[in-house]
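# Residue-level structural notes
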Amino acid sequence: RTKEKIDSYFNVGKLQPQELLHQAIMNESLDDIRAAIKLGANIDGGIGDQPPLLLAIIMAKERSAQELLDQGANINIQYSGKPLLSYMLRNNNYK
């Protein structure tokens, strides 16, 4: 996609790149995850300090989680003093 197509698709100006990333995670839109990162979304930072990978884990968005890892998300990051993997195990979302 060209930048213009990405901008028009996301209605840039209404949503910030981080919000776009969270929306793409929820929709499990891998192309949109990559586009949001390209537009400047922080792959390890999040809305309310919640890492995007944690959102994918909690919401059982396995394809989104894998794409974030493929794009370089830090699997060792912690949230509320716990490693992200503990949330995955606690929620029993993945096999």
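Residues numbered from 1 in each chain as written. Predicted model: local features only at pLDDT ≥ 70, side-chain atom pairs only at ≥ 80, totals over all residues. Heavy atoms only, no water.

### Quick look at the environment of Leu39
- Along the chain, Leu39 turns up in the loop between α3 (30-38) and α4 (52-58).
- Separated by 22 residues in the primary sequence, Leu39 and Pro17 have C-alpha atoms spaced 6.0 Å apart. (Helix = DSSP H or I, 4+ residues; strand = E, 2+ residues; numbered from the N terminus.)

### Remarks on helix α5 (residues 62-70)
- Within α5, burial applies to Ser64, Ala65, Glu67 and Leu68. Taken end-on, α5 shows its buried residues confined to a sector of 165°, consistent with a single buried face.
- Its buried side turned inward, α5 meets α2 (17-27), α3 and α4.
- Positive phi shows up at Gly72, right after α5, with a value of about 110°. (Buried < 20%, exposed > 50% of the residue type's maximum accessible area, 1.4 Å probe, protein only. Arc of directions from axis to C-beta. Contact = heavy atoms within 4.5 Å.)

### Quick word on the pattern of salt bridges
- According to the stated counting rule, one finds 2 salt bridges in the structure shown.
- Note that Asp31 is salt-bridged to Arg34, the shortest N-O span being 2.4 Å. You can see Asp31 and its partner Arg34 sitting in helix α3, 3 residues apart, about one turn around the helix.
- Residue Asp31 is classed as partly exposed on the basis of its relative accessible area of 43%.
- Judged by relative accessible area, which is 32%, Arg34 ranks as partly exposed.
- Where salt bridges share partners, they join Asp31, Arg34 and Glu67 into one cluster. (Salt bridge = Lys/Arg side-chain N within 4 Å of Asp/Glu carboxyl O.)

### Considerations on α2
- Those residues of α2 lying buried are Gln18, Leu20, Leu21, His22, Ala24 and Ile25.
- Glu28, located one to two residues past α2, shows a positive phi value of around 50°.

Note that all results are geometric; they support no functional claim without further evidence.
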